[in-house]
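Observations on the three-dimensional arrangement
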Amino acid sequence: MSEAVEKNVWEIISETLQKNGIDVYPPGIKVGECKKEYVVLKQDGSTQVGSLSSEQDYYMFMLYVPRNKYSFLSTYEFQVKKVLDEKLYPMLMPTGQKMGDYYDDNYKAHMRAFLYRNNRRNKHL
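The text that follows walks through the structure, step by step, so that each part is easy to find. (Residues numbered from 1 in each chain as written. Predicted model: local features only at pLDDT ≥ 70, side-chain atom pairs only at ≥ 80, totals over all residues. Heavy atoms only, no water.)

**Comments concerning the overall build of the protein chain**
Just so we agree on the cut-off: We count a stretch as a helix when DSSP gives it H or I for four or more residues in a row; a strand needs E for two or more, and each element gets its number in order from the N terminus. Categorising residues by exposure relies on relative accessible area from a 1.4 Å probe, with only protein chains included: less than 20% of the type maximum marks a residue as buried, more than 50% marks it as exposed, and the intermediate range marks it as partly exposed. Contacts are assigned to residue pairs that have any heavy atoms within 4.5 Å of one another. Only the protein chains shown count as cover for residues, and the accessible areas themselves come from Shrake-Rupley with a 1.4 Å probe.
Per the secondary structure count, the protein chain includes two helices and six strands. Going from the N terminus to the C terminus, the protein chain shows its helices and strands as α-β-β-β-α-β-β-β. Within the span of the protein chain, comprising 125 residues, buried residues form 36% of the whole. Once local pairs closer than 6 in sequence are excluded, the contacts in the protein chain between residues at least 24 apart make up 61%. Surface accessibility of the protein chain: about 7800 Å² in total, with carbon and sulfur atoms responsible for 49%.

What follows is the structure, given as structure tokens:
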């Protein structure tokens, strides 16, 4: 008898982006010079919502584009957010938090990061 294993939110996000043509990696996996745009996705902590029995988990999306494609960064952000908003809302919602652009010389890439959140019931409260 085989039991179905429930996918976690990180896996659902990753698979949804990949099915829509966006390369996704967990932190620490992608190495070397950036030749093509991609997303590094990480779970970025959680917080309890007031005295309610729910929590918010945060997911950081770090977008990388090659050093000579900085002008494509905003377009790429729009493409990624469009998939998130059309395919994963209301499971995943934007927080409005976005970090400033950063050039990472180790990867020869421009990086932009933003945060989304997932609400879930805390079963221990």
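Having put the structure on the table, let's press on.
**Points about the side chain of Asn118**
For clarity, the threshold we go by: Here a polar contact is taken to be a pair of N or O atoms separated by no more than 3.5 Å, where protein atoms must pair a possible hydrogen donor with a possible acceptor and residues adjacent in sequence count only if both atoms sit in side chains.
Considering the arrangement of structural elements, one finds Asn118 in strand E6 (residues 109-121). Among the polar contacts made by the side chain of Asn118, one reaches the main-chain carbonyl oxygen of Met91 at a distance of 2.9 Å. Residue contacts for Asn118: discarding those within four places in its chain leaves Val9, Glu55, Gln56, Asp57, Tyr59, Met91 and Leu92.

**Some words on unusual backbone geometry**
That bond from Tyr89 to Pro90 is cis: its omega, 10 degrees, falls within 30 degrees of zero. Considering the arrangement of structural elements, one finds Pro90 in the loop between helix H2 (73-87) and strand E4 (93-98). Despite not being glycine, Lys108 has its phi angle at roughly 55 degrees, a positive value.

**Focus on the pattern of salt bridges**
Side chains that carry opposite charge are capable of pairing whenever their charged atoms lie near each other. Spelled out, the test is: One speaks of a salt bridge when a side-chain nitrogen belonging to Lys or Arg is within 4 Å of a carboxyl oxygen belonging to Asp or Glu.
Going through the model one piece at a time under the given rule, you end up with 11 salt bridges. Among the ionic pairs, Arg120 bridges to Asp57, the shortest N-O distance being 2.5 Å. Residue Arg120 is found in strand E6, and its partner Asp57 is found in strand E3 (residues 54-66); the two are separated by 63 residues along the sequence. Of the charged contacts, one joins Glu77 and Lys81 as a salt bridge, the two residues approaching to 2.7 Å between their closest N and O atoms.

**Side note on the nonpolar core**
Stated precisely, the cut-off is as follows: By nonpolar core we mean a set of buried residues, namely Ala, Val, Leu, Ile, Met, Phe, Trp, Tyr and Cys, connected to one another through side-chain atoms within 4.5 Å.
Core analysis: the biggest nonpolar cluster contains 20 residues, and Ile13, Leu17, Phe61, Val80 and Leu84 have the highest contact counts within it. The leading source of residues in this core is H2, at five residues. The contact partners of Leu84, leaving out residues within four places of it in the chain, are Ile13, Leu17, Phe61, Tyr89, Leu92, Phe114 and Tyr116. By size, the runner-up hydrophobic cluster in this structure holds 11 residues, among which are Met62, Tyr64, Ala113 and Leu115.

**A few points about the pairing of E3**
How we decide: Paired strands, in this sense, are two strands between which DSSP finds at least two bridges.
Among the 13 residues of E3, 12 are classified as buried, and the element is accordingly described as predominantly covered. Direction of pairing for strand E2 (residues 38-48) relative to E3: antiparallel, over a ladder of nine bridges. Across the sheet, the residue bridging to Val39 is Leu63, located in E3. Pairing analysis gives 13 bridges linking E3 to E6, with the strands arranged antiparallel. If you follow Glu55 over to E6, its bridge partner there is Arg120.

Bear in mind that shape data such as this cannot, by itself, settle questions of function.
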